[in-house]
Amino acid sequence: MLTKGFEVEVYTGSPNGDIVGLSDRITADIDGFVREPDSRNVEYVTDPLRDYEQLLCALVQPRLKLRQYLSSLGDYTIIPGSTLSLGDSSRFYRSEPNNPYHSYIEKTYGTQVVTASIHINVGIPDPQLLLKACRLVRLEAPLFLALSAASPFLDGKVTGFHSNRWAVFPQTPKQVPLFESHEHFIAWTEAQLTAGTMQNVRHLWSSVRPNGSARPYDLNRLELRICDLVTHPVKLLAICALLEARIQQLIDDPSLDPFNSSIFYRDSAQLERLTAANEQAVARNSLDAELSHWQDGRSLLARDWIEELYTEVWPTAKKHGFSCFLTPLQTILRDGNEAQQWLKTIDKGWSVRSVMQQAILSMELDEMELGNKLCEPMMA
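This is a predicted model, so every value here is computed, not measured.

We now examine the overall build of the protein chain. Along its length, the protein chain carries 13 helices and 11 strands. The C-alpha atoms of the protein chain give a radius of gyration of 20 Å, which matches the 21 Å a tight globule of 380 residues would have. Oriented by its inertia axes, the alpha-carbon framework of the protein chain measures out at about 60 × 45 × 45 Å. Out of the 380 residues belonging to the protein chain, those deemed buried represent 56%. Taking the intrachain contacts of the protein chain between residues at least 6 apart in sequence as the baseline, contacts between residues at least 24 apart amount to 73%. In the structure as shown, the protein chain presents an accessible area of about 15,400 Å², 50% of it carried by carbon and sulfur atoms. For the protein chain, the separation between the mean place of its 36 positive charges and that of its 47 negative charges on side chains is 2 Å.

Written out as structure tokens, the structure is:
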């Protein structure tokens, strides 16, 4: 099994759904949390782990700690969703006013970047294999957004998107190639830094990117950045298991590389356009989006593509001992992702605020149940 870990961004606020910036106090008082440019969200990072049971607790325990701390400050909690559902998107609340990179972000992008998401990192120490995996996962990244979409609201209104976060997020630079090799990635990154289209090596905001301790030279993991915030840890593990199984498939069968197995392999620009269109279709309609398959261009719904992928990767996941963690994907396909469930409730006459209040309560109850049943016995 591969190592994997999460970068988890969450909003803080009140139980009635209002988002309140507290990151300066959180990061000062709790180890393991770091600031984002806007003070209304905060991030924690799990260690790279192979075992899914340990990873579950690594997801839950920091949130339990954060909840306990927030209650000590007053009537505060964690807010689900990946956009400022009941917030004020007209104003940027700087977490570090003297940070020049944050100044650049505020001036250039405004609150389009004030989102909460999940980044999934999977360890791949061979850089050439890593770049192959990035090609495959980037072309299938829209499927992971379809499973995780959780941002249909902004400023108390329905936006018309299932992932408003990804619909407006400023992917930077505007054109990112499917990297042919590690050498290609190094040369391209150096050119972007020279041209100023990237401010630093972190300023590569695409759905998937190679990552490591000294980018672009020292790479050791794939980072999937497209997912909205998945509040239920077990469902997040299922999405992670799908990603790991797909990468394991590629390791076992290198011919899965799109440069070998796509009818568009001679035209990487066509593949880039295809996946960009798929991303935007999924941002609007998630599991019900009509997509074009990168292998042969055929049209199919996101949910049907995911079903195909689920069947295809199951034997690989079973061989490596984690197929049971895939099964919650069937629940998402049956009941809908978080955005779809919230919008169904809106159709029944609920307000955005009442939907978010219920989601806040559900998130807290899920974490408490998992913490009590699974994580405390493991720590004993």
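The next thing to look at is the environment of Leu229. Along the chain, the position of Leu229 falls in the loop between β9 (221–224) and α7 (233–252). You can call Leu229 buried: its relative accessible area is 0%. For the pair Leu229 and Ile118, spaced 111 residues apart in sequence, the C-alpha to C-alpha distance is 5.2 Å.

We now examine the pairing of strand β3 (residues 41–45). Counting buried residues in β3 gives 4 out of 5 residues, a clear majority hidden from the surface. In terms of strand pairing, strand β1 (residues 4–13) meets β3 through 5 bridges, oriented antiparallel. Each residue of the ladder has a partner; that of Val8, found in β3, is Tyr44. Where strand β2 (residues 33–35) lies against β3, 3 bridges are found, and the strand directions are antiparallel. From the neighbouring strand, Phe33 faces β3, where its bridge partner is Tyr44.

Our next topic: the pattern of salt bridges. Taken as a whole and judged by the stated rule, the model has 18 salt bridges. The salt bridge involving Lys319 is made with Asp252; its shortest N-O contact spans 3.0 Å. One end of the pair, Lys319, is in helix α10 (residues 302–319); the other, Asp252, is in helix α7, and 67 residues separate them in sequence. Assessed through its relative accessible area of 58%, Lys319 is described here as exposed.

A separate point is the packing of aromatic side chains. Under the criterion given, the structure shown has 11 aromatic pairs. Between Tyr52 and Phe322, the aromatic rings sit 5.5 Å apart at their centres with planes inclined by 25°, giving stacked as the arrangement. Taken together, the positions of Tyr52 in helix α2 (residues 52–73) and Phe322 in the loop between α10 and α11 (328–335) put the pair 270 residues apart, joining distant regions of the chain. For Phe322, a relative accessible area of 0% corresponds to the buried category. Centroid distance Tyr310 to Trp314: 5.8 Å. Interplanar angle 40°. Geometry classified as tilted. You can see Tyr310 and its partner Trp314 sitting in helix α10, 4 residues apart, about one turn around the helix. A relative accessible area of 11% means that Tyr310 is categorised as buried. An aromatic cluster is defined as three or more aromatic residues linked by ring pairs; in this entry it consists of Tyr104, Tyr109, Trp166, Phe169 and Trp205. Above the face of the Phe322 ring, Lys4 is positioned so that its terminal group lies 6.0 Å from the ring centre. Looking at Arg284, its charged tip hangs above the ring of Phe161, at a distance of 4.2 Å from the centre.

Calculation notes
Residues numbered from 1 in each chain as written. Predicted model: local features only at pLDDT ≥ 70, side-chain atom pairs only at ≥ 80, totals over all residues. Heavy atoms only, no water. Helix = DSSP H or I, 4+ residues; strand = E, 2+ residues; numbered from the N terminus. Rg over C-alpha atoms; globule rule 2.2 N^0.38 Å. Buried < 20%, exposed > 50% of the residue type's maximum accessible area, 1.4 Å probe, protein only. Contact = heavy atoms within 4.5 Å. Areas by Shrake-Rupley, 256 points an atom, 1.4 Å probe, with all protein chains shown as cover. Lys, Arg positive; Asp, Glu negative; His and termini not counted. Charge placed at Lys NZ, Arg CZ, Asp CG, Glu CD. Pairing = 2+ DSSP bridges. Salt bridge = Lys/Arg side-chain N within 4 Å of Asp/Glu carboxyl O. Phe/Tyr/Trp six-rings, centres within 6.5 Å; stacked < 30°, edge-to-face > 60°. Lys NZ or Arg CZ within 6 Å of the ring centre and 35° of its normal.

The values are spatial; any link to function lies outside them.
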